[in-house]
Amino acid sequence: MSHYENLPVPNEVNVGNTSAVGEFAKLAIALVLFCIVLVVVVNIGIRYLAPYIPFRYEVSLAASVSKELDNDTPSPTRQYLQKLTDSLAAHMALPDGMTLTVHTNSSRVPNALATFGGHIIVTQGLLDLVDSENALAMVLAHEIGHIKHRDPIAAAGSAVVISIVMGILFGNNDVAAISNASGLLTQFNYSRAQESAADQAALDALIRHYGHTNGAETFFKKILETSWSNDASPEFLSTHPSISRRLASIESSRDHHSNGPLRPLPDFVRQSPPSSDAEQRNANSK
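Procedures and definitions
- Residues numbered from 1 in each chain as written.
- Predicted model: local features only at pLDDT ≥ 70, side-chain atom pairs only at ≥ 80, totals over all residues.
- Heavy atoms only, no water.
- Helix = DSSP H or I, 4+ residues; strand = E, 2+ residues; numbered from the N terminus.
- Expected span 1.5 Å × (residues − 1).
- Buried < 20%, exposed > 50% of the residue type's maximum accessible area, 1.4 Å probe, protein only.
- pLDDT = per-residue confidence, 0-100.
- Contact = heavy atoms within 4.5 Å.
- Pairing = 2+ DSSP bridges.
- Axes fitted to C-alpha atoms, helices over the stretch in contact; angles between N-to-C directions.
- Salt bridge = Lys/Arg side-chain N within 4 Å of Asp/Glu carboxyl O.
- Phe/Tyr/Trp six-rings, centres within 6.5 Å; stacked < 30°, edge-to-face > 60°.

Engineer: How should I be thinking about helix α9 (residues 192–210) in this particular structure?
Structural biologist: Think of an α-helix as 3.6 residues a turn; residues three or four steps apart then line up on the same face. The terminal C-alpha atoms of α9, which comprises 19 residues, lie 27 Å apart, in line with the 27 Å expected from a rise of 1.5 Å per residue. Turning to α9, its buried residues number three or more, namely Gln194, Glu195, Ala198, Asp199, Ala201, Ala202, Leu203, Ala205, Leu206, His209 and Tyr210. Taken from the residues just after α9, Gly211 is the one with a positive phi, measuring 90 degrees.

Engineer: I keep staring at helix α6 (residues 133–148) and nothing clicks. Help me out?
Structural biologist: Its 16 residues place the ends of α6 22 Å apart at the C-alpha level, agreeing with the 22 Å of an ideal helix rising 1.5 Å per residue. For α6, a buried count of 15 out of 16 residues is recorded, marking the element as mostly surrounded by other parts of the structure. Following α6 by one or two positions, Arg150 has its phi on the positive side, about 65 degrees.

Engineer: Would you mind showing me how to read the confidence of the model for the protein chain here?
Structural biologist: Mean pLDDT over the protein chain: 76, with 65% of residues reaching 70 or higher. Considering only residues more than four positions removed or in separate chains, one finds that residues 173–186, a stretch of pLDDT under 50, has 12 contacts. Here residues 229–240 is a poorly scored stretch, pLDDT under 50, and it has 34 contacts once near neighbours within four places are set aside; other chains count.

Engineer: When you look at the sheet that holds strand β2 (residues 112–115) in this model, what are you seeing that I'm missing?
Structural biologist: Strands pair in a sheet through their backbones, by hydrogen bonds, and they do so in one of two ways: parallel or antiparallel. Across the sheet, which stays open at both edges, the three strands sit in the order β1-β3-β2 with mixed pairing between neighbours. Whereas interior strands pair on both sides, the edge strands pair on one side only; in this sheet they are β1 (101–105) and β2. With direction set aside, neighbouring strand axes in the sheet form an average angle of 20 degrees. Here β2 runs beside strand β3 (residues 119–123); their pairing, made up of four bridges, is antiparallel. The residue bridging Ala112 from the neighbouring strand is Val122, located in β3.

Engineer: For this particular structure, what's the right way to read the pairing of β3?
Structural biologist: Look at any regular strand and the pattern is simple: side chains alternate between the two faces of the sheet. Most of β3 is tucked away: five of the five residues are buried. Side chains of β3 alternate between two faces, with His119, Ile121 and Thr123 and Ile120 and Val122 buried alike. Hairpin connection of β2 to β3: three residues between the antiparallel strands, including Gly117 at a positive phi of 90 degrees.

Engineer: For this particular structure, what's the right way to read the pattern of salt bridges?
Structural biologist: Two side chains bearing opposite charge may form a pair once their charged atoms approach each other closely. Under the defined criterion, the tally for this structure stands at four salt bridges. Taking the shortest distance from any N to any O, the salt bridge between Asp128 and Arg108 comes out at 3.2 Å. With Asp128 in helix α5 (residues 124–129) and Arg108 in the loop between β1 and β2, the pair connects residues that are 20 residues apart, well separated along the chain. For Asp128, a relative accessible area of 6% puts it in the buried group. Residue classification places Arg108 among the partly exposed residues on the basis of a relative accessible area of 24%. Measuring nitrogen to oxygen at the nearest pair gives 4.0 Å for the salt bridge that ties Lys222 to Asp131. Here Asp131 lies in the loop between α5 and α6 and Lys222 lies in helix α10 (residues 218–225), a separation of 91 residues in the sequence. We classify Asp131 as partly exposed; its relative accessible area is 45%.

Engineer: Looking at this model, I keep getting lost on the packing of aromatic side chains. Mind explaining?
Structural biologist: When we look at a pair of aromatic rings, we describe it by the centre distance and by the angle of the planes. A complete count under the given rule lists two aromatic pairs for this structure. Ring geometry for Tyr80 against Phe268: centres 6.3 Å apart, planes inclined by 90 degrees, an arrangement best described as edge-to-face. Taken together, the positions of Tyr80 in helix α4 (residues 76–89) and Phe268 in the loop between α12 (243–253) and α13 (277–285) put the pair 188 residues apart, joining distant regions of the chain. Tyr80 gets classed as buried once you look at its relative accessible area, which sits at 14%. Given the relative accessible area of 44%, Phe268 is considered partly exposed. Here the aromatic rings of Phe219 and Phe220 are separated by 5.5 Å at their centres, their planes lie at 70 degrees, and the arrangement is edge-to-face. Of the two residues, Phe219 and Phe220, neither departs from the other in class, the shared state being buried.

Engineer: Would you mind going over unusual backbone geometry with me for this structure?
Structural biologist: A negative phi angle characterises most non-glycine residues, just as the trans form characterises most peptide bonds. One non-glycine residue, Ala93, lies in the positive phi region at around 50 degrees. Structurally, the position occupied by Ala93 is in the loop between α4 and β1. Residue Ala93 is classed as exposed on the basis of its relative accessible area, which comes to 61%. Positive phi values are uncommon outside glycine, yet Arg150 reaches one of about 65 degrees.

Structure representation (structure tokens):
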């Protein structure tokens, strides 16, 4: 009886010329680059299309947020802020059907923000920091400018896109956390061009409302003079262009419209501010 043995397999059989690790690395890099390109393209598209989204859809999306904001108690301060906001908006050519609602917050951090649906939030810290209605009007008109230009809904759309892409890259278990984090951050993540456009819209509104822009720079000067410009910078400024750059831009664009009387804030608007920088930092950390 003859003895049979399997012939040895040549080393080159079923062996590619490239490393499996190398192929995986190439695919991973290609996926990351694709996601980056997708985010950039979609973000550009969202920012371009945002002005064409009917505002009523934005209001519907903000319904859950507005219910929570509407829980703050009506007060003379809210009524005053709403009246001032409506007066400024009357000079800013808002699209038909666009409405604005102002809310107050007891935070001592000087802050103001606009969210989609036409909602503007003003903190007590901001009201205590400014020293005239004109300075307050500059901040309010800036937020109105963002709403007019549909910046909040564009930022919210960008947050959704980033959340989806991050979920693809890191797995479904991370989607919720990443979505929440990116949503909070992108509410303030406006481009320099968007910030400049909102500032210019605010300055134009001040000229039409008061006849001048005196006081427009006050808020930014006060931020630079206090601890808020150092280790306790409020979120209102944390992702905006630098305070100094914005201040310089505002002052350079005022031209001959900078002189005029300042209107005082009503007494009921202001509360006693923190007595020291240390208390300000403590208020910011709570």
